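Letter by letter, the chains look like this.
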Amino acid sequence: MPESITDSKPEKVVCGPGLRGILRHKQPNLYWIDSQQRRYVPSKGENVIGVVTAKSGDIFKVDIGGSEQASLSYLAFEGATKRNRPNVQVGDLVYSQLIVANKDMEPELVCIDSCGRANGLGVFGADGLLFKVSLGLVRRLLAPQSEIAKDLEKMFPFEMVVGMNGRVWVKAKTIQQTLIVANLLESCENMTAQQRQTLFRRVADGSI
Amino acid sequence: MRDTPLSNCERDFILKAIEEKRRLDGRQTYDYRNIKISFGTDYGCCFVDLGKTRVMAQVSCELITPKENRPNDGIMFFNIELSPMASPAFETGRQSELMVKLNRQLERCLRNSKCIDTESLCVVSGEKVWQIRVDVHLLNHDGNLMDATSIAAITALCHFRRPDVGIQGEDVTVYSTEERDPIPLSIYHMPISVSFSFFQQGTYLLVDPCDREERVMDGLLMIAMNKHREICSIQSSGGIMLLKDQVLRCSKIASVKVSEITELINRALENDKKVRKAGGRCGFAESMPQERITALKTHVSPLEMTDVEEKANEIVLRAEAPPQTVPSPVLPGPGTGQVGEGLQSSWGLEEEEEEEEEEEEEEEEQQHKAEEEVTCVAEEKRGVKMQPVPISRWQ
């Protein structure tokens, strides 16, 4: 965190060309650029949605959208022992946390927290739809006071799992509603809050 | 690098949605995605966007010796390139199954249907004929590559102009584009392929599948037709069993779609011709840097404008107070007027001292507190450059 500057005049900082995105600001002096990136780079401690691609020996190979597939041990589930294997098939979705993620090693996932409890992680998604959004939108959704999430809640009840690798899973009561939510989320990437609210209102009024 | 695998959840959802007659992007069963056709500066270069699937076709020609058993016919050569740019599942260099299948389908659709008059490509019988080469590059893969490549290939062929050839006895002269206008190929008809994907053993049918629908489908039926309702080629892959009336129904749908698409292609070609003519007369330099005659329109991307007002107010507050206008002009002498005070003349001094000067000038400004209007400065500087007219007092 930069130390607070008390007496200096507001200086002009020149950004070089090649940075595309929205400049965001948080008091007192933290600026960052939100770019609409879609390619995920695994980093430690993030909760991601992965797709199980293979079962080999004691580990599952999970695709999280990065350059390497991650490995998930079958013992890293709540209540799993050598005799009691978790019920995970190839093609299932898992919501898990990255414990090892650097450029020299293959990423590793766990579906369990440090105390041994699942805490919301694990296999999920019997129904519902998985789709991809940009990383910027995912961060906006996961922010504590997310306006997008609040606006969506007002429409109709649905379940949503957001992975920091840009994958979102949504399930509503009917397929129609699920599709609506998915399309709305995909389209509100570049919209301002006002445009989004008008769009949501139009949809809620039953135009679709 | 391998492509993301399709999860069971997505597969189940897509199949269930299809049973309820819903598609992921909200289309109807027989709807095509948005087709956009644009051309490059060269004749024969064409881009086709089918939703997010993007394809580029380039036609070129060359004089070669014909085949021995066909001395009077020109040669058509088709080539489809799948680059990893289109999808992480594609690898360069290797002849994948999909590539072979697409190449073969395009050849059957365009060459075996005899849509181009190959005899007109003959220059000297048995010795020199034109070889027309169509290269199609896949730029983005979002399903239904076959349709996009067929539209791109036939549009590029219609757009292409080959150099004019003059024969005098035994001599053959190929005229360049500057000497004589290039002539278009003689095309009899435009075969366009329409793809149908089948689900649940042929119970459900979708036209123009997108990438995810393609991964879930059981089989694919490709019908290539022209607008005269002549079928040029039919191919069924995936091993599904189709009933006779299903195939007939598909061909009826295909004829409707083909006439719409042919309409669109003709309109795009017309548009391009008009723009080229206008461009030729006015010498459009604008389109040159982009290398496009029909300049692409980018989508208007809305910006975050929610707090623009507040930001603008902040900026205004933080900015320095605007230069005050001097209230009244001063008359130093008869016939002369002065508004504000002159700055030190910087004309004629070297550039190295400019910075120092600016600092000095700023200090002077702050000291004097009376600043000139911008227009005054401009006029004075102009005055300085023209003649030293003593309108204002120098310091």
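Since we're looking at a predicted model, the values are computed, not measured.

Trainee: Lay out the overall build of chain B in plain terms, naming residues and giving numbers.
Mentor: When you go through chain B residue by residue, the secondary structure sums to nine helices and 16 strands. Here chain B, with 395 residues, has 39% of them falling under the buried criterion. Long-range pairs, those at least 24 residues apart, make up 70% of the contacts in chain B with a sequence separation of at least 6. Accessible surface computed for chain B: about 23800 Å², of which carbon and sulfur atoms make up 51%.

Trainee: Pulling in residues and values, what's your account of the interface of chain A and chain B?
Mentor: By a frequent convention, interface size equals the accessible area lost on bringing the separate parts together. Of the residues lining the interface, 34 residues belong to chain A; the matching set on chain B comes to 23 residues. Where chain A abuts chain B, roughly 2200 Å² becomes buried across the two surfaces, and 60% of that area is made up of carbon and sulfur atoms. For the chain A face of the interface with chain B, the top three residues by lost area are Ile175, Leu179 and Thr192 of chain A, together amounting to 23%. The tally of links from chain A across to chain B stands at one salt bridge. A salt bridge links Asp127 of chain A to Lys16 of chain B; the nearest nitrogen and oxygen atoms lie 2.8 Å apart. One can count seven residue pairs in polar contact (both at pLDDT 80 or more) joining chain A with chain B. Elements represented by at least two residues in the side of chain A that touches chain B include exactly strand E3 (47–56), strand E9 (129–132), strand E11 (167–172), helix H3 (175–187) and helix H4 (193–204) of chain A. Broken down by element, the side of chain A that touches chain B gets its largest block of residues, six residues, from H3 of chain A.

Trainee: So, helix H1 (residues 8–19) of chain B: which residues are in play, and what are the values?
Mentor: All names here are of chain B. Under the 1.5 Å per step criterion, the end-to-end length of H1 is 17 Å for 12 residues, consistent within 8% with the ideal 16 Å. Cys9, Glu10, Phe13, Ile14, Leu15, Ala17 and Ile18 are the residues of H1 that are buried. Directly beyond the C-terminal end of H1, a positive phi value near 65 degrees is found at Lys21.

Trainee: Which residues make up the packing of aromatic side chains, and what are the values?
Mentor: Residues and elements named next belong to chain A. In this structure the tally under the stated criterion is two aromatic pairs over all chains. A ring pair is formed by Phe60 and Phe77, whose centres lie 6.3 Å apart and whose planes are at 85 degrees; its orientation type is edge-to-face. Note that Phe60 is positioned in strand E4 (residues 59–63) and Phe77 in the loop between strand E5 (70–73) and strand E6 (93–100), a separation of 17 residues in sequence. Residue classification places Phe77 among the buried positions, given a relative accessible area of 7%. Seen from their ring centres, Phe124 and Trp169 are 5.2 Å apart, and the 85 degrees between their planes marks the pair as edge-to-face. With Phe124 in strand E8 (residues 122–124) and Trp169 in strand E11, this residue pair connects regions lying 45 residues apart in the sequence.

Trainee: Give a detailed account of the UniProt feature "domain: Exoribonuclease phosphorolytic" (unreviewed entry) in chain B, specifying residues and quantitative values.
Mentor: Feature annotation in UniProt assigns "domain: Exoribonuclease phosphorolytic" (unreviewed entry) to the following positions: residues 32–163 and 189–255 of chain B. Regarding residues 189–255 of chain B, the helix share stands at 27% and the strand share at 39%, and the terminal C-alpha atoms are separated by 14 Å.

Trainee: Quick one: what's the story with the nonpolar core, residue by residue and with numbers?
Mentor: Formed by 66 residues in total, the largest nonpolar core has its most connected members in Ile37, Leu110, Leu157, Phe196 and Ile265 of chain B. Take this core: its biggest share by element is 10 residues, from helix H3 (residues 145–159) of chain B. Excluding its chain neighbours within four sequence positions, the residues that come into contact with Ile265 of chain B are Ile37, Ile151, Ile154, Thr155, Met190 and Ile192 of chain B. Grouped together as the second largest cluster of nonpolar side chains are 37 residues, Leu137, Leu152 and Met155 of chain A together with Leu15 of chain B included.

Trainee: Requested: an account of the pairing of strand E8 (residues 165–168) of chain B, with residues and values cited.
Mentor: Inspection of the sheet shows E8 of chain B paired to strand E9 (residues 171–174) of chain B by four bridges, in the antiparallel sense. Residue Ile167 of chain B lies in a different strand from E9 of chain B, and its bridge partner there is Val172 of chain B.

Trainee: If you had to explain the confidence of the model for chain B to someone new, which residues and values would you point to?
Mentor: Close reading of the predicted structure is inappropriate where its pLDDT is low. Residues and elements named next belong to chain B. Looking at chain B as a whole, its pLDDT mean stands at 78, while 72% of the residues score no less than 70. The spread of mean pLDDT over the elements of chain B runs between helix H6 (residues 287–290), the lowest at 40, and H3, the highest at 94. In this model, residues 281–301 is a region of pLDDT below 50 whose contacts with residues beyond four sequence positions or in other chains number 24 contacts. Across the assembled chains, the prediction reports ipTM 0.80 with pTM 0.72.

Trainee: Can you break down the packing of H3 of chain A against H4 of chain A residue by residue, with the values?
Mentor: Each packed pair of helices is defined by two parameters, the angle between the axes and the distance between the axes. All names here are of chain A. Viewed as axis vectors pointing N to C, H3 and H4 meet at an angle of 165 degrees, and their least axial separation amounts to 11 Å. Overall, the two elements H3 and H4 adopt an arrangement that is roughly antiparallel. By crossing handedness, the relation of H3 to H4 is classed as right-handed. From H3, Ile180, Leu184 and Ser187 reach across to H4, where they touch Leu199, Phe200 and Val203. Residues of the contact of H3 with H4, tallied by class, amount to five nonpolar, one polar and no charged.

The rules behind the values
- Residues numbered from 1 in each chain as written.
- Chains lettered and ligands numbered in written order.
- Predicted model: local features only at pLDDT ≥ 70, side-chain atom pairs only at ≥ 80, totals over all residues.
- Heavy atoms only, no water.
- Helix = DSSP H or I, 4+ residues; strand = E, 2+ residues; numbered from the N terminus.
- Buried < 20%, exposed > 50% of the residue type's maximum accessible area, 1.4 Å probe, protein only.
- Contact = heavy atoms within 4.5 Å.
- Areas by Shrake-Rupley, 256 points an atom, 1.4 Å probe, with all protein chains shown as cover.
- Buried area = accessible area lost by both parts, 1.4 Å probe.
- Salt bridge = Lys/Arg side-chain N within 4 Å of Asp/Glu carboxyl O.
- Polar contact = N/O pair within 3.5 Å; in protein donor to acceptor, adjacent residues only side chain to side chain.
- Expected span 1.5 Å × (residues − 1).
- Phe/Tyr/Trp six-rings, centres within 6.5 Å; stacked < 30°, edge-to-face > 60°.
- UniProt positions renumbered as here; feature names shortened; annotations may be inferred.
- Core = buried A, V, L, I, M, F, W, Y, C linked by side-chain atoms within 4.5 Å.
- Pairing = 2+ DSSP bridges.
- pLDDT = per-residue confidence, 0-100.
- Axes fitted to C-alpha atoms, helices over the stretch in contact; angles between N-to-C directions.
- Parallel < 35°, antiparallel > 145°, perpendicular 65-115°, else oblique.
- Left-handed = near helix turned anticlockwise from the far one by under 90°.
- Nonpolar A, V, L, I, M, F, W, Y, C, P; charged D, E, K, R; others polar.

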